Amino acid sequence: MTSHADAVRDVLIETLELQQTPADLTTETALFGSLPELDSFGVVTLVGALEDRFDITIEDDEFGAELFETVGTLVAFVEEKTAG
């Protein structure tokens, strides 16, 4: 995984207070709908944490269930946002 992936995994664990270790969160790890911690409040909290950590802005129309489908989809989004 990339350094972005490591950082995203850290943000997920810290923000959602997950019991998983970073090694447990692979690119295929399902998020939304699979993690009870990632409810509507969790999504808002996670978005804020990602914006702070990566100095990005996530617009309302950019986040939906597909963004939080897996760790990999979230990492890909962050990489795209930080590249632009």
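Structure: above.
Scope of this entry: the structure provided in the associated data block.

A word on the pattern of salt bridges
In step 1: In this structure the tally under the stated criterion is two salt bridges.
In step 2: Among the salt bridges present, the one from Lys81 reaches Glu62, with a minimum N-O distance of 3.1 Å. On the criterion of sequence distance, the pair formed by Lys81 in helix α3 (residues 71-83) and Glu62 in the loop between α2 (40-54) and α3 is long-range, its members being 19 residues apart.
In step 3: On the basis of relative accessible area, Glu62 is assigned to the partly exposed category, the value being 26%.

Quick notes on the packing of helix α1 (residues 3-16) against α3
In step 1: The geometry of α1 relative to α3 is characterised by a closest axis approach of 9 Å and an angle of 120° between their N-to-C directions. Every pair of crossing elements has a handedness; the one defined by α1 and α3 is right-handed. From α1, His4, Ala5, Val8, Arg9 and Leu12 reach across to α3, where they touch Val71, Leu74, Val75, Val78, Glu79 and Thr82.

Some thoughts on the nonpolar core
In step 1: By size, the foremost hydrophobic cluster in this structure holds 26 residues, and its most contacted members are Val8, Leu12, Leu38, Leu46, Leu50, Phe68 and Leu74.
In step 2: Mapped onto this core, the elements with two or more residues apiece are α1, α2 and α3.
In step 3: At seven residues, α1 tops the list of elements feeding residues into this core.

Brief notes about the packing of α1 against α2
Helix-helix packing is characterised by the crossing angle of the two axes and by the distance between the axes.
In step 1: Viewed as axis vectors pointing N to C, α1 and α2 meet at an angle of 135°, and their least axial separation amounts to 10 Å. Between α1 and α2, the angle falls in the class oblique. Between α1 and α2 the crossing geometry is right-handed. In contact with His4, Ala7, Val8, Asp10, Val11, Leu12, Thr15 and Leu16 of α1, α2 contributes Gly42, Thr45, Leu46, Ala49, Leu50, Arg53 and Phe54.
In step 2: For the contact of α1 with α2, the per-class residue count stands at nine nonpolar, four polar and two charged.

Definitions and cut-offs
Residues numbered from 1 in each chain as written. Predicted model: local features only at pLDDT ≥ 70, side-chain atom pairs only at ≥ 80, totals over all residues. Heavy atoms only, no water. Salt bridge = Lys/Arg side-chain N within 4 Å of Asp/Glu carboxyl O. Helix = DSSP H or I, 4+ residues; strand = E, 2+ residues; numbered from the N terminus. Buried < 20%, exposed > 50% of the residue type's maximum accessible area, 1.4 Å probe, protein only. Axes fitted to C-alpha atoms, helices over the stretch in contact; angles between N-to-C directions. Left-handed = near helix turned anticlockwise from the far one by under 90°. Contact = heavy atoms within 4.5 Å. Core = buried A, V, L, I, M, F, W, Y, C linked by side-chain atoms within 4.5 Å. Parallel < 35°, antiparallel > 145°, perpendicular 65-115°, else oblique. Nonpolar A, V, L, I, M, F, W, Y, C, P; charged D, E, K, R; others polar.

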